Amino acid sequence: MGSTGQNAWKLADHPKFPKGKTIAMVVLDGWGEARPDQYNCIHVADTPTMDSFKTTAPERWRLIRAHGSAVGLPSEDDMGNSEVGHNALGAGRIFAQGAKLVDSALASGKIYGGEGFKYIKQSFDNGTLHLIGLLSDGGVHSRLDQLQLLLKGAAEQGAKRIRVHFLTDGRDVLDGSSVGFVETLEKDLSNLREKGVDAQIASGGGRMYVTMDRYENDWNVVKRGWDAQVLGEAPYKFRSAVEAVKKLREEPKANDQYLPPFVIVDESGNPVGPIKDGDAVVTFNFRADRMTMLAKALEYADFDKFDRVRVPKIYYAGMLEYDGELKLPSHYLVSPPEIERTSGEYLVHNGVRTFACSETVKFGHVTFFWNGNRSGCFNEEMEEYVEIPSDVGITFNVQPKMKALEIAEKARDAILSGKFDQIRVNLPNGDMVGHTGDIEATVVACKAADEAVKVQIHCFDCGRVCCHALVLMLLFLLIPFSCHLVGDNEFVVACVFPRTIIDAIEQVGGIYVITADHGNAEDMVKRDKSGEPQLDKSGNLQILTSHTLKPVPIAIGGPGLKAGARFRNDVPTGGLANVAATVMNLHGFEAPDDYEPTLIEVVDN
Ligand SMILES: O=C(O)[C@@H](CO)OP(=O)(O)O
Ligand SMILES: [Mn+2]
Ligand SMILES: [Mn+2]
C-alpha cells in the first residue's frame, strides 16, 4: 500500500460529492435484465419501484456486467453468482476467482507440489483418498472437468484407493442432468480401475438436502451427508450410483437438488467407502459458503452441531481455503484469491458506520463475501451485522416472500436511527425462488423484493398508481396517522409512516443505490441461440433453475443525491466491480487509484 498505518487507509475527499449522507445499498439477488416475455418473472411480476427507476430517471439507471471476466471467472460463458458478484461489489476490483485459480493450478501441475497435496499424500500408501463435492459443470461451486483432472492426477501421484462422494446439482445446471454427470464419472473411475487403482463412487445425495447448507441455516443437511460419507449410513443403499440417481429421481416430485442420501454397497451389503482413520479427504468445491460447515465438521475437535458418532483421524484439505479469518480448513490445495483492501474496510477507516442485513441464506453474502471472504466485522464499534433467521426445511417457492419485508423493516429502522452511514442489504427472493424453477412463485418473489425496496401507493380499484391513489396519498399526507389495510393490494401511506427502504431514505434525505449480483429470475427457460425457448426431445420446455449471463440494473437516487449526479457514459463496459468506487463517491470520498472507475459524475448546470 505504499505507506503504513492509518494514513494508508485515508481516502481523499471527493471534490463534488458531500460527506454525511445516509446511503442504502440494496442488492436484489438474482435480478437481471432480459427480454420481456412470459418466462421473465421480473417482467411478469408487478414491480413498479424497479420499473420506475428506468422510466423516470434514465440518466440514473443503467445496466452493468455481472458474469464472466467482469467478475473474475474463466470465460464469458460463465454465469455470475453470489460469491464472485458480492466479492466484486465489495472489493471494487476484479480478482481471478477460485474457478480460474484451480484451472491454472491443475494445468501447470502446481497443485501437486503444494503443501495441501503433500499433506493428503501421506494417506496414499495405506489409506483411501475421499473426494467430496458438487458433481456438475455449473462452474459456480465446482467443475466436473476439475474433478476429472484431480482424479487422474491423484492416481498418477500414487493414490491407490479413491472414493468419490458426490452431491447432485440441478441448481447451476438443468434438473435431470445428474444422471449424465454420474455416468461420466463412472467411466473415469472405470478407466482408473483398469490402471489398477481401486476407484469407486461411495455415496451421494442432492446438494440442497445433503451436505451443502450454508451459514448454519440447517445442520441436519450436513449431518445427512456426514452419516453417508463418514459413517457409511443412509436410508438408501444401491450397488451402482447411476442406478441410485435414476431410481431416486423416479419418486414423485424428486429432483436433483433434493435427492435423499444414499450409499453404495458391495455384494455383501457393506458400504464401499466410509471414511476411516488414516484416510485423506478433499472437498473439491472451490466456492466457500456451502463447504464451510462440512469443513468445520471434518476439522474441529470441539464440535457440538450434531453427534458425529465417529470422528476419524484424517488428512483433510479443501480445494481452497474457505475462510481466511478462521483459517479454515488448515490445509488446502490451491490458495484462494487474496481479496484485500475492500471498500468496507476503507470506509470503516474513514469513519463510515455500516449496518448490513439479510436473512440467513444470504447473510454471508453482504458480510463475508462483501468483505472479501472474511467473516466478522472490521470494527465492531462502527459496524452492525444483523441476520434474520431464514425458514428451515422448505423450498422457497412455498414461501416466496421469504423475509424480504423483515429485512426492509430492519433496514428502515437502521436508516431512521441515524446511527449508520451505510445500510447494506441483500433481498434474496428473485434468486432463491428462481432456483426452484417455480415460475408462479418466482413472480410473487419478484414483487416481494420490489415492495421491500419501496411500497408503492396503489389504488384499491385498479391496483395501480392512478390518480385515485395520488389523491388518497395527498389526503393521508394531511392526516397525521398512518393507514394500513392488509390484503393483496396492500395500501400503505408510506410518506407518513416510512415502511421500507426508500421511504426511510426519503425521510432522512439520503441516497439509495439499488443493484443486483447476477441474473436468475429474469429468465426461467433454456433458450436456443436466437433466444427462443428450446424444447427437449419430448417437446417440453426446459425450466432453467440456474443463474444467467445477463447484465443487472443499477439505479441511484434519493433526496440526498447531489444535483446533476448521473451515470457517466464513458464506462460502457462497467460491471459490478465499478460499484464500490461509485458508493465511495456518494459517501464523499475518492476511491483508491487501483479500484475500477466510478460509474458516476456530477454535471454542473
Ligand atoms: O445457491 C447457491 O449456492 C448458488 C447457486 O449454486 O446461488 P448464489 O450464488 O446466488 O448463492
Ligand atoms: Mn446471488
Ligand atoms: Mn443463486
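Residues numbered from 1 in each chain as written. Chains lettered and ligands numbered in written order. Predicted model: local features only at pLDDT ≥ 70, side-chain atom pairs only at ≥ 80, totals over all residues. Heavy atoms only, no water.

As recorded in an unreviewed UniProt entry, the protein goes by 2,3-bisphosphoglycerate-independent phosphoglycerate mutase and comes from Salix dunnii. Checking UniProt for the protein, the heading Pathway (unreviewed entry) contains the comment "Carbohydrate degradation; glycolysis; pyruvate from D-glyceraldehyde 3-phosphate: step 3/5." The record held by UniProt for the protein lists under Subcellular location (unreviewed entry) the comment "Cytoplasm". (UniProt positions renumbered as here; feature names shortened; annotations may be inferred.)

### Focus on the packing of aromatic side chains
Think of a pair of aromatic rings as described by two things: how far the centres are apart, and how the planes are tilted against each other in angle. Counting across every chain of the model gives 14 aromatic pairs. Ring centres of W9 and Y346 lie 4.9 Å apart, and the angle between their planes is 70°; on these two criteria the pair is classed as edge-to-face. Of this pair, W9 sits in helix 1 (residues 6–9) while Y346 sits in helix 12 (residues 343–349), placing them 337 residues apart in sequence. We note that W9, like Y346, is buried. For the pair F53 and Y512, a centre-to-centre distance of 5.3 Å together with 35° between the ring planes defines the contact as tilted. Residue F53 is located in helix 3 (residues 48–56), and its partner Y512 is located in strand 16 (residues 511–516); the two are separated by 459 residues in the primary sequence. The burial state of F53 is the same as that of Y512; both residues are buried. One aromatic cluster is present, built from ring pairs that chain together W219, W226, F303 and F306. The ring of Y209 has R224 lying over it, and the distance from NZ or CZ to the ring centre is 3.7 Å. (Phe/Tyr/Trp six-rings, centres within 6.5 Å; stacked < 30°, edge-to-face > 60°. Helix = DSSP H or I, 4+ residues; strand = E, 2+ residues; numbered from the N terminus. Buried < 20%, exposed > 50% of the residue type's maximum accessible area, 1.4 Å probe, protein only. Lys NZ or Arg CZ within 6 Å of the ring centre and 35° of its normal.)

### Some points on the side chain of Q257
Position of Q257 relative to the elements: it lies in the loop between helix 10 (241–249) and strand 7 (262–264). In this structure Q257 touches D169, G170, R171, G206, R207, M208, Y209, H435 and T545, once residues within four positions along its chain are discounted. (Contact = heavy atoms within 4.5 Å.)

### Comments concerning the pairing of strand 8 (residues 280–283)
The alternating pattern of strand 8 places A280 and V282 and V281 and T283 on opposite faces, both of which are buried. Sheet topology note: the strand 3 (residues 129–135)/strand 8 ladder contains 4 bridges and is parallel. Bridged to L131 within strand 8 is V282. Direction of pairing for strand 8 relative to strand 9 (residues 315–320): parallel, over a ladder of 4 bridges. If you follow T283 over to strand 9, its bridge partner there is G318. Chirality of the crossover, the property in question, places the unit of strand 8, helix 11 (residues 292–299) and strand 9 among those that are right-handed. (Pairing = 2+ DSSP bridges. Right-handed = clockwise from strand over helix to strand, strands pointing away.)

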